[in-house]
Amino acid sequence: MTIEDFLRPADWMDGAQGPRYVQLRRRLEDSISSGVLTANAPLPAEREIASITGLSRVTVRRAMQDLVDKGIIVQRQGSGSFVSDGTPKVEQSLSRLTSFTEDMAQRGLPSTFEWLERGLFAPTLDEVVALALSSGEQVARVARLRMANERPMAIERASIPADILPDPDIVTTSLYEVLDVGGHRPERALQKISAINLGPADAELLGVETGSAGLRIERTSYLSNRRVVEFTRSVYRGDAYDFIAELKLAK
Ligand code: 16G
């Protein structure tokens with residue numbers, strides 16, 4: 001059955017069954033649970049749903065907004081609404097210095113990771129500069145595919161001076177927790193965010209199509225004595241993150 005047929009109002013709309021937007025929301029939820037719409041399937045446009053159901057666009061919008069808020073559908077600018085594939089949508093504050101594990105825990109999402117690289121290495125020039133290493137110093141690399149709710153969210157490649165993290169193997173859950181225990185919790189960080197189109201290797205790790213939108217984030221974190229503790233280059237799924245910055249009037 002097509003979604004258009006499934007939405008025909010005679011089969012489900014009932015004046016005695018409560019607000020119409022709630023009825024429409026339930027019908028749309030049923031279309032997903034019954035398999036009429038599957039993960040990533042496009043929903044008909046708002047205008048089309050209004051014309052099939054005879055409901056006003058305001059009512060349709062309200063039902064759709066509820067589903068967006070519940071994470072059941074996702075809206076992509078310019079291309080419409082789609083059934084979510086279960087990847088959580090995360091809003092991250094740009095003013096608080098938190099770890100991935102903390103960010104996810106705060107939303108009730110279990111976080112896990114897969115190792116991409118770990119160990120002590122001779123630093124690259126970028127690492128020497130970013131971490132202000134002296135000659136001969138090694139760098140600890142902790143590169144991971146980060147997941148929330150078992151969905152890949154980001155690829156994170158952290159470099160830490162080897163004297164701060166002499167044994168990268170002790171990172172079993174949170175890097176910041178390990179740094180904290182050693183008295184090296186970052187206190188301040190600078191972050192640079194740029195928009196990218198994901199190349200084939202990153203796209204495959206993140207489970208999206210090559211060329212999908214992504215965010216490249218470079219974070220340099222400092223200890224209270226201003227020493228650089230972490231230089232992390234990450235690639236985030238563009239559809240999984242909203243970064244929120246609070247702005248204040250300059251006085
Ligand atoms: C965040 C940081 C990353 C840090 C990681 C530690 C960004 C862009 N990146 O994801 O720099 O290394 O948290 O997370 O926010 P963990 O303590 O859970 O390992």
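Structure report, in brief. (Residues numbered from 1 in each chain as written. Predicted model: local features only at pLDDT ≥ 70, side-chain atom pairs only at ≥ 80, totals over all residues. Heavy atoms only, no water.)

Scanning the model with the defined rule gives two cavities of 30 Å³ or more in all. Lining the largest cavity are 19 residues, and of these F100, E156, Y176, R219 and E230 lie nearest its centre. Here the lining of the largest cavity takes four residues from strand β9 (residues 228-237), the largest share from any one element. Its residues assigned to classes, the lining of the largest cavity comprises five nonpolar, eight polar and six charged. (1 Å grid on protein atoms, 1.4 Å probe; cavity = no way out; pocket = protein on both sides within 12 Å on 5 of 7 lines; lining within 4 Å. Points joined across faces, edges and corners; volume = space filled by probe spheres on them. Helix = DSSP H or I, 4+ residues; strand = E, 2+ residues; numbered from the N terminus. Nonpolar A, V, L, I, M, F, W, Y, C, P; charged D, E, K, R; others polar.)

Here we have six strands laid out as an open sheet, ordered β4-β5-β6-β9-β8-β7, and antiparallel in their pairing. Each end of this open sheet is capped by a strand with a single partner; those strands are β4 (111-121) and β7 (188-197). Between one strand axis and the next, the sheet turns by 15 degrees as a mean value, whatever way the strands run. Of the strand pairs in this sheet, strand β8 (residues 213-222) and β9 are connected by nine bridges, and their pairing is antiparallel. The residue bridging R216 from the neighbouring strand is V235, located in β9. (Pairing = 2+ DSSP bridges. Axes fitted to C-alpha atoms, helices over the stretch in contact; angles between N-to-C directions.)

On to the packing of aromatic side chains. Taken as a whole and assessed by the stated rule, the structure comprises four aromatic pairs. Taking 5.1 Å as the distance between ring centres and 80 degrees as the angle between the ring planes, the aromatic pair formed by F113 and W115 counts as edge-to-face. In this structure F113 comes out as buried when scored by relative accessible area, which is 19%. A ring pair is formed by Y241 and F243, whose centres lie 5.4 Å apart and whose planes are at 15 degrees; its orientation type is stacked. Here Y241 and F243 have matching classes, each one buried. Taken together, Y236, Y241 and F243 form an aromatic cluster joined through their ring pairs. The ring of F6 carries R27 above its face, with NZ or CZ at 3.7 Å from the centroid. (Phe/Tyr/Trp six-rings, centres within 6.5 Å; stacked < 30°, edge-to-face > 60°. Buried < 20%, exposed > 50% of the residue type's maximum accessible area, 1.4 Å probe, protein only. Lys NZ or Arg CZ within 6 Å of the ring centre and 35° of its normal.)

Shape descriptors only; they carry no functional weight alone.
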